[in-house]
Amino acid sequence: MHIIWLTPEFPSNKDNTKGVYIFRTVAELSKYYQITIVSLYPAAPPIFEMLRYPKDWMRIYNDWKKNYTEIDNPNSQYSALKIIYLRYFRLPRSYFHNIEGWFAYFQLKKQLPQLVKKDSILHANWIFPAGTLASIISKKFKIPFLISLMGSDINRLVEGTVFWKSAKKLLLNANKVTAVTNELFEACTKKNINIKPDNKIQIDNIYESEIFKIFDKNEIRNEISINRSEKIIFFAGGLVPVKNVDVLICAFENICKKLTHIKLIIAGSGSEEGLLKRLVQTKNLNDKIKFVGNLNTGNLVKYYNAADVFCLPSKNEGLPNVIVESFFCGTPVVASRVGGIPTIVQNELNGFLAEPNSVDDLTLKLEKSILINWNREEIRNSISHLMPEKVLIKYKILYESIIGI
C-alpha cells in the first residue's frame with residue numbers, strides 16, 4: 001500500500017517544529033507502508049496580515065521569507081522519508097483559499113504519473129489546500145482520498161460562504177473523513193455539513209512521547225537560567241488573534257497583584273507579536289513577561305519541564321499538540337473549554353478548563369493551578385491512550401477500510 005500524504009505543515013531544515021506531529025505520524029507509519037509526503041509551501045507573503053498590522057509589516061514579511069526559503073535540503077532526520085517540498089504560487093487566502101489546491105496541482109502535475117501507483121491512497125491534512133489537491137488527483141487518477149480535520153479548518157468555516165460550500169462538497173466526496181476529536185464532527189453537523197456516518201473515523205496524531213518526557217525541573221531551570229523559586233507560566237504557539245495571548249497577558253497582570261515571584265514566558269511568533277509586546281510595555285510588565293521566539297523541539301521540552309503550568313487560552317482549537325506535549329512532560333495545563341480540549345484536560349487531575357475570552361476565569365484557574373502540588377507522573381499517564389502503539393492500530397483499520405481488506 002502506498003500513502004501520498006498531503007500537508008501544509010511539515011518540518012524542514014528551516015523550522016523543525018512546524019508539523020512535527022505529522023512527521024512523527026508518517027515516520028511510524030512508514031515502518032508498515034510506503035509513504036510519500038508532499039509538503040505544501042505557497043509562494044505568497046501574508047499581504048493581509050502586513051496590512052492589518054502596519055507597524056509590524058516588515059517583521060511579518062521577514063518571518064514569512066525566513067520560513068519559506070531554503071527548504072529543499074531537509075536535515076538528516078527527515079531524509080529517510082520521501083518528501084516533496086512543493087513550492088507554488090497562490091493568491092490571497094482570504095478570497096482564494098478554497099481553490100489554492102489547484103495552484104499546487106499545476107506545480108505537481110508533471111510529477112504525478114511517477115508518483116501515483118495503483119495501490120495509492122491520498123491522505124490530506126486540512127480541508128484547504130490539501131483536501132482540494134487530494135480531490136483533484138483522486139479524480140484524475142481514480143484513486144481514493146481521505147481528509148483529516150485538524151480544527152481550524154472547520155472552526156473558521158462560516159455557513160453559506162463559498163468556502164463552506166467547497167468544504168461541504170469535499171467532505172461529502174471523500175472516501176473517509178478523520179478528525180482528532182469527535183467534537184469536530186459535531187461542529188460539522190452544526191454547520192450543516194453532513195458527512196456519511198460510515199465515513200467518519202476519530203483518530204489521533206502520533207506524538208513524540210519518547211522526546212517529550214519528564215526531566216528534573218531544577219536541573220532544567222539551571223540550564224535555561226530560570227530561578228528555582230519563581231513560579232513559571234508558559235505559553236507556546238502562534239502569536240495570532242485566535243490564540244488569545246492578550247487575554248493571557250491581562251490574566252497574568254491580575255495574578256501579579258497577588259504573587260510576586262512569578263513570570264510568564266511566551267514562545268512563538270506571528271502577526272500579533274508587535275501588538276502583544278506593546279501591550280506588555282503599556283502594562284509595565286517587561287520584567288515579568290519574556291518573549292523567547294520560536295523554539296526548536298529540544299528547547300520546547302526544556303521549557304515545558306521548567307514551567308509550573310502551561311496555558312493555552314485560545315478562542316477555538318481542535319486537539320492542540322502543545323497540550324499533549326506539556327502532559328507528556330508532566331506539566332499541568334490551563335486551557336480554554338473549546339474544541340477537543342475537554343477530552344484530555346480534566347479539572348484537578350492534569351489541569352483546569354477556563355471559559356474562553358474570560359480574563360477573570362483564566363486568572364482564577366491559573367491561580368489554582370499554581371498552588372497545587374501536582375504529581376507529574378500522573379499527568380503523563382492521563383494521556384496514555386495517545387501512546388504510538390495504540391494509535392497505529394487505528395490507522396491500520398482506517399487504510400484497510402478504504403481499500404476493502
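This report concerns the structure included in the present document. Just so it is clear, the model here is predicted, and its values are computed rather than measured.

### Examining the packing of helix α1 (residues 20-29) against helix α18 (residues 388-403)
Then step 1. Relative orientation of the contacting elements α1 and α18 amounts to 70°, with a least axis distance of 11 Å. Overall, the two elements α1 and α18 adopt an arrangement that is roughly perpendicular. Of the residues in α18, those touching α1 at Arg24, Thr25, Glu28 and Leu29 are Pro388, Leu392, Tyr395 and Tyr399.

### Considering the pattern of salt bridges
Then step 1. All told, the structure shown has 19 salt bridges when counted by the stated rule.
Then step 2. Note that aspartate 308 is salt-bridged to arginine 221, the shortest N-O span being 2.8 Å. Placement of aspartate 308 in the loop between α14 (297-306) and β11 (309-312) and of arginine 221 in helix α11 (residues 217-223) is noted, with a sequence separation of 87 residues between them. Accessibility classification places aspartate 308 together with arginine 221 in one group, the buried group.
Then step 3. The salt bridge partner of lysine 258 is glutamate 367, with a shortest N-O separation of 3.3 Å. Of this pair, lysine 258 sits in the loop between α12 (245-256) and β9 (262-267) while glutamate 367 sits in helix α16 (residues 359-371), placing them 109 residues apart in sequence.

### Structural notes on the environment of asparagine 218
Then step 1. Turning to its location among the elements, asparagine 218 is positioned in helix α11.
Then step 2. For the pair asparagine 218 and asparagine 350, spaced 132 residues apart in the sequence, the C-alpha separation amounts to 21 Å.

### Side note on the sheet that holds β9
Then step 1. The strand order β10-β9-β8-β11-β12-β13 describes an open sheet built from six strands, whose pairing is parallel. Strands with a single pairing partner mark the edges of an open sheet, and in this sheet they are β10 (289-293) and β13 (351-354). Between one strand axis and the next, the sheet turns through 20° on average, direction left out of account.
Then step 2. Pairing geometry for strand β8 (residues 231-236) and β9, over six bridges, is parallel. Pairing of isoleucine 232 across the sheet is with lysine 263, part of β9.
Then step 3. Across the sheet, α14 is in contact with β8, β9, β10 and β11; its angle to β8 comes to roughly 140°.
Then step 4. α16 contacts β8, β9, β11, β12 (333-336) and β13 of the sheet and is inclined by roughly 175° relative to β13.

### Topic: empty space enclosed by the protein
Then step 1. Counted according to the given criterion, the structure contains two cavities of 30 Å³ or more.
Then step 2. Put simply, the largest cavity is a space of about 70 Å³.
Then step 3. When residues of the lining of the largest cavity are traced back to their parent elements, those giving at least two are β4 (120-125), β5 (145-149) and β6 (176-179).
Then step 4. Approximately 40 Å³ is the volume attributed to the second largest cavity.
Then step 5. Every residue lining the second largest cavity is listed: Val20, Tyr21, Ile206, Tyr207, Glu208, Phe212 and Glu325.

### Here's the deal with the sheet that holds β4
Pairing between the strands of a sheet comes from backbone hydrogen bonds, and it takes one of two forms, parallel or antiparallel.
Then step 1. Taken in spatial order, the seven strands line up as β3-β2-β1-β4-β5-β6-β7 in an open sheet, and their pairing is parallel. What marks the edges here is a single partner per strand, and that holds for β3 (82-88) and β7 (200-202). Adjacent strand axes in the sheet meet at a mean angle of 20°, parallel and antiparallel pairs treated alike.
Then step 2. Across five bridges, the pairing between strand β1 (residues 2-7) and β4 is parallel. Counted as the bridge partner of histidine 2 is serine 120 from β4.
Then step 3. Where helix α5 (residues 100-108) meets the sheet, it contacts β2 (34-42) and β3, and its direction lies at approximately 115° from that of β3.

### Notes on the pairing of β12
Then step 1. Of the strand pairs in this sheet, β11 and β12 are connected by three bridges, and their pairing is parallel. In the strand pairing of β12, phenylalanine 310 is matched with valine 333.
Then step 2. The parallel pair β11 and β12, bridged by helix α15 (residues 321-328), forms a crossover whose chirality is right-handed.
Then step 3. Sheet topology places β12 next to β13; four bridges connect them, and they run parallel. Within β13, the residue paired with alanine 335 across the bridge is leucine 353.

### Some details on the packing of aromatic side chains
Then step 1. Counted according to the given criterion, the structure contains 15 aromatic pairs.
Then step 2. Ring plane angle 65° and centroid distance 5.9 Å describe the contact between phenylalanine 212 and tyrosine 304, whose orientation is recorded as edge-to-face. Separated by 92 residues along the polypeptide, phenylalanine 212 in the loop between β7 and α11 and tyrosine 304 in helix α14 bring together distant segments of the chain. Across the pair, tyrosine 304 and phenylalanine 212 agree in class, each one buried.
Then step 3. Among the aromatic residues, ring-to-ring pairing joins Phe212, Phe234, Tyr303, Tyr304 and Phe310 into one connected group.
Then step 4. Residue placement shows lysine 277 over the ring face of phenylalanine 291; its charged tip is 5.6 Å from the ring centre.

Rules and cut-offs
Residues numbered from 1 in each chain as written. Predicted model: local features only at pLDDT ≥ 70, side-chain atom pairs only at ≥ 80, totals over all residues. Heavy atoms only, no water. Axes fitted to C-alpha atoms, helices over the stretch in contact; angles between N-to-C directions. Helix = DSSP H or I, 4+ residues; strand = E, 2+ residues; numbered from the N terminus. Parallel < 35°, antiparallel > 145°, perpendicular 65-115°, else oblique. Contact = heavy atoms within 4.5 Å. Salt bridge = Lys/Arg side-chain N within 4 Å of Asp/Glu carboxyl O. Buried < 20%, exposed > 50% of the residue type's maximum accessible area, 1.4 Å probe, protein only. Pairing = 2+ DSSP bridges. 1 Å grid on protein atoms, 1.4 Å probe; cavity = no way out; pocket = protein on both sides within 12 Å on 5 of 7 lines; lining within 4 Å. Points joined across faces, edges and corners; volume = space filled by probe spheres on them. Right-handed = clockwise from strand over helix to strand, strands pointing away. Phe/Tyr/Trp six-rings, centres within 6.5 Å; stacked < 30°, edge-to-face > 60°. Lys NZ or Arg CZ within 6 Å of the ring centre and 35° of its normal.

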